[in-house]
Amino acid sequence: TLLGCTLAAGGAELDALHRQMRILYARAAEDVQRYGGTIHSVGGTRLLATFGAPIALENHARLALLAALQLQGWFAAPCGNLSEESMSVCLALHTGFVVVGEIGDGRPSTIVGNLTVAVEALQEHRLPDVLLCSEATARLIRDDVGLEEVAPVSISGDPGSMRTYKVTGPCLRDASRALVDAR
């Protein structure tokens, strides 16, 4: 499962954008690592984390969901947590098959597969402070959270569109406990 985080920073100056990306990275690194994921890449206003690759995790979608919910809650908190500035992030989860590995010359590992394109397509909606997921991820987390179907997303190079869901919160009072037990 991939977790994509994009700053909803329309027109920010480069220095401010750099500062916001440092804040996003620091917070995401903590939450992603806590739930067994790996930050894979950072570029522009985006950050991408993997769960279940390169180390296989049976409950990768739940773990990615936990990290995403932590990030969503943190950025929705009052500005006091973020020094003086307010930040919003667009979050997306997508599950599928990829190959993660080095491509050559000892460069960092690369994700090969269309999952990254799908996560980017979800994030193009630019819905600040909203967590979107694909149907593939929704099937794996539907017992833990409320899901509301939203407009399908077109993926570059794919003739169809992907069913998309907004995560609306825990399904049951016990959902938080079930999610914590997933760790």
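Per chain, residue numbering runs from 1 following the sequence as it is written. Under the rules for a predicted model, residues below a pLDDT of 70 receive no local features and side-chain atom pairs below 80 are neither given nor counted, while totals for whole chains, interfaces and linings still include all residues. Side-chain calculation: all heavy atoms of the structure are included, whereas hydrogens and water are not.

Caption draft 1: Looking closely at the nonpolar core. Formed by 34 residues in total, the largest nonpolar core has its most connected members in Leu3, Leu24, Phe51 and Leu93. Helix and strand labels come from DSSP, where a helix needs a run of H or I of at least four residues and a strand needs a run of E of at least two; each type is numbered from the N terminus. Element by element, the count of residues in this core is highest for helix H2 (residues 60-76), at ten residues. Setting aside residues up to four positions removed in sequence, Leu24 forms contacts with Cys5, Leu7, Leu47, Phe75, Met87 and Val89. In these notes, a set of buried Ala, Val, Leu, Ile, Met, Phe, Trp, Tyr and Cys residues joined through side-chain atoms within 4.5 Å is what counts as a nonpolar core. The buried label goes to any residue with under 20% of its type's maximum accessible area, the exposed label to any with over 50%, and the partly exposed label to all in between, with areas taken from a 1.4 Å probe on protein chains only. One finds Ala92, Ala121, Val153 and Met162 within the second-largest nonpolar core, a separate group that totals 13 residues. Contacts were defined at the residue level, with two residues in contact if any of their heavy atoms lie within 4.5 Å.

Caption draft 2: Region of the structure containing the sheet that holds strand S1 (residues 2-7). Think of it this way: DSSP has to see at least two bridges between two strands before they count as a pair. Read from one edge to the other, the open sheet built from seven strands follows the order S2-S3-S1-S4-S7-S9-S8, with strand pairing classed as mixed. The open sheet has two free edges, formed respectively by strand S2 (38-43) and strand S8 (145-154), since each of these has just one partner strand. Strand-to-strand twist in this sheet, taken as the mean axis angle between neighbours without regard to direction, amounts to 25°. Here strand S7 (residues 131-134) pairs with strand S9 (residues 161-170) via three bridges, running antiparallel. Within the sheet, the bridge partner assigned to Cys133 lies in S9 and is Tyr165. Throughout, an axis means a line fitted to C-alpha atoms (over the contacting stretch in the case of helices), and angles, computed between N-to-C directions, take values from 0 to 180 degrees. Helix H1 (residues 14-34) rests against S1, S2, strand S3 (46-50) and strand S4 (89-94) of the sheet, and its axis sits at about 170° to S2. H2 contacts S1, S4, S7, S8 and S9 of the sheet and is inclined by roughly 170° relative to S4.

Caption draft 3: Representation of the pairing of S8 in the model. Judged from the eight bridges that link them, S8 and S9 form a sheet pairing that is antiparallel. Bridge pairing in S9 places Val153 opposite Met162. In textbook terms, the turn of a hairpin is the stretch between consecutive antiparallel strands, and for S8 and S9 this stretch comprises six residues, one of which, Gly157, has a positive phi near 85°.

Caption draft 4: Structural detail: the environment of Tyr35. Structurally, the position occupied by Tyr35 is in the loop between H1 and S2. Taking the C-alpha atoms as reference points, Tyr35 and Arg62, 27 residues apart in sequence, are found 9.1 Å from one another.

Caption draft 5: Spatial organisation of the environment of Gln70. Mapped onto the secondary structure, Gln70 falls in helix H2. The spatial distance from the C-alpha of Gln70 to the C-alpha of Arg27 is 9.3 Å, given a sequence separation of 43 residues. Every residue in contact with Gln70, bar those within four places of it in the chain, is listed here: Arg27, Asp31, Arg34 and Tyr35.

Caption draft 6: Examining the pattern of salt bridges more closely. Think of a salt bridge as a Lys or Arg side-chain nitrogen and an Asp or Glu carboxyl oxygen that are within 4 Å of each other. Applying the stated criterion across every chain yields a total of seven salt bridges. Residue Arg163 is joined to Glu135 by a salt bridge in which the shortest nitrogen-to-oxygen separation is 3.3 Å. One end of the pair, Arg163, is in strand S9; the other, Glu135, is in helix H4 (residues 135-141), and 28 residues separate them in sequence. With relative accessibility at 38%, the residue Arg163 sits in the partly exposed group. On the accessibility criterion, Glu135 (27% relative accessible area) is partly exposed. Counted as one network, the salt bridges with shared partners bring together Arg27, Glu30, Asp31 and Arg34.

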